[in-house]
Amino acid sequence: MAKQTDAPARTLYEKIWDAHVVERREDGTCLIYIDRHLVHEVTSPQAFEALRNAGRTVRRPDLTLAVPDHNLPTTPRRDASGKRIPILDPQSATQLAALETNTQAFGIRYIGDADPEQGIVHVIGPEQGFSLPGATIVCGDSHTAAHGGLGALAFGIGTSEVEHVLATQTLLLTPSRTMEIRVEGALGAGITPKDVVLHIIGTIGTAGGTGHVIEFRGEVFRQMSIEGRITVCNMAIEAGARAGLVAPDDKTYAYLQGRPVAPTGAQWDAAVDWWRSLPTDPGAVFDSSITIRAEDIEPTVTWGTSPEDVVAIGGRVPDPRSFADPSKQRAAQASLDYMGLQPGMALADVEVQNIFIGSCTNSRIEDLRAAAAVLNGRRKAENVRWAIVVPGSGLVKRQAEAEGLDRIFVEAGLEWREPGCSACLGMNPDKVPPGERCASTSNRNFVGRQGPGARTHLLSPAMAAAAAVTGRLTDARTLAPLPGAPVPA
Ligand SMILES: CC(C)[C@H](C(=O)O)[C@@H](O)C(=O)O
Ligand code: SF4
């Protein structure tokens, strides 16, 4: 006879939540313990200032990690004599200097601009082993959801909450509703995690996950690499969700073991024991549930100014009149006007002048391998004016160089840069000129996101590389890797 147990079946999210409740209030809010706090230059200056004014210290500097990424140029940061090259934009310079002084003053580990481990905050958390399964992880940044790829409950917070976490290592939160998105079956050859998440957002819309924490489940995510799971969870926020999660498994543990600050010895063993208890119990109930067939997912590109404006690469720019909802019709028309596209145009006829391979969505080693597999032995098209590859961190950069990927990019006519947010958003010198188009592996195609008037098409690293070669949006599957190309992991 099956063993009787009274414990109710719980989801992964509920288990992590329950394990972190410090105090449950009558109105349903909970004081939640925060295990890891990541800090960058944009959303932290006022928080540190407020601590200083109140005469407070940082409660757990050892659980806090700071890194500059948004404002840093991706060109060299030191001259030949090792002297810092000044940051020209005054606001960026002030924010970067403030992060350095604040972390020194409050005793927080700071991975500085010239540190070989510097990188985008959401790339370095997992790669350092700072982000762990079952942990509550926050950062004053919406794409913190990325760390959910390791099975962490990770979400973005505002600057006043950054201050609260710095001071108390806790946050007052209301529980989220739970949603499962199952992608069942097998992905076709050449379909990547970015295609999966763009397809999901196209299906449920940018408000589809509102108020929910999404757990990505099913065969496709079990098979997916950790890097790919991070890519998918990174964009959960673009589906309106509070966070995204994939259950940790042996792949997660193998990815984390031996990372610079991951637990070791008996602590590692104890951690893995706990992590193994986290996956959603059979019979646990989600507030909502969606199933998508893997076979329906094609290489996917955005045509508009919202991440839900997606179409398969073989498709056409939609006619705004094809949308039932009048407000969506107006939004689609405004998108097309901004993007300079005509209804019915084949995506494959859209020319691009800029290529950006980078951002916390797609700048890990597997992304660079996928781009290099397409670019190896090929050259960028004449009409591609600017094409940059920006590794997500110094460690990714050095790994790529050890594999010879940097040479492939440079020989193809692309620039190989220093790590940072770069052209993902216009907060540093990497910008797309007004009216020009960019095939971009980032996560937001909002109006002006890559610079005033810039037109963004979101896609995967392989697709960005294919666009570099042909100078137009292109199905990467039509450009088979040439002999000797790196094999994406
Ligand atoms: C600057 C920062 C607050 C912002 C965010 O919260 O996501 C940025 O990282 C972004 O991607 O738009
Ligand atoms: S890479 Fe882009 S999305 Fe990620 S943290 Fe930086 S600006 Fe935000």
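Here the structure is a predicted model, which means the values were calculated and not measured.

*Asks:* Before we move on, could you go through the sheet that holds strand E15 (residues 354–357) and cite the residues and values that matter?
*Replies:* Taken in spatial order, the five strands of this open sheet run E17-E16-E15-E18-E19, and their pairing is parallel. Single-partner strands in this sheet number two, and they are strand E17 (415–416) and strand E19 (455–458). Taken together, the four bridges between strand E18 (residues 437–440) and E19 define a ladder with parallel strand orientation. Considered in E19, the bridge of alanine 439 is made with histidine 457. Those strands touched by helix H15 (residues 461–470) are E15 and E18, and its axis lies near 155° from that of E15.

*Asks:* Give me the environment of histidine 457: which residues, what numbers.
*Replies:* Mapping histidine 457 onto the fold places it in strand E19. Along the sequence, histidine 457 and glutamine 91 sit 366 residues apart, while their C-alpha atoms lie 28 Å from each other. With near-sequence residues (within four places) excluded, histidine 457 lies in contact with Val301, Thr302, Trp303, Met339, Leu341, Val350, Arg437, Cys438, Ala439, Ser440 and Leu473. In this structure the side chain of histidine 457 is engaged in a polar contact, spanning 2.7 Å, whose partner is the backbone oxygen of threonine 302. Here arginine 437 takes part through its side chain, which lies 3.1 Å from a polar atom of the side chain of histidine 457.

*Asks:* Describe the packing of helix H12 (residues 365–375) against H15, and please don't skip the residues or the numbers.
*Replies:* Look at H12 against H15: their axes get within 8 Å of each other, and the N-to-C directions meet at 30°. By the criterion of interaxial angle, the relationship of H12 to H15 is roughly parallel. The crossing of H12 and H15 is right-handed. Of the residues in H15, those in contact with Asp367, Ala370, Ala371, Val374 and Leu375 of H12 are Pro461, Ala462, Ala465, Ala466, Ala468 and Val469. Among the residues forming the contact of H12 with H15, the class breakdown is ten nonpolar, no polar and one charged.

What counts and how
- Residues numbered from 1 in each chain as written.
- Chains lettered and ligands numbered in written order.
- Predicted model: local features only at pLDDT ≥ 70, side-chain atom pairs only at ≥ 80, totals over all residues.
- Heavy atoms only, no water.
- Pairing = 2+ DSSP bridges.
- Helix = DSSP H or I, 4+ residues; strand = E, 2+ residues; numbered from the N terminus.
- Contact = heavy atoms within 4.5 Å.
- Axes fitted to C-alpha atoms, helices over the stretch in contact; angles between N-to-C directions.
- Polar contact = N/O pair within 3.5 Å; in protein donor to acceptor, adjacent residues only side chain to side chain.
- Parallel < 35°, antiparallel > 145°, perpendicular 65-115°, else oblique.
- Left-handed = near helix turned anticlockwise from the far one by under 90°.
- Nonpolar A, V, L, I, M, F, W, Y, C, P; charged D, E, K, R; others polar.

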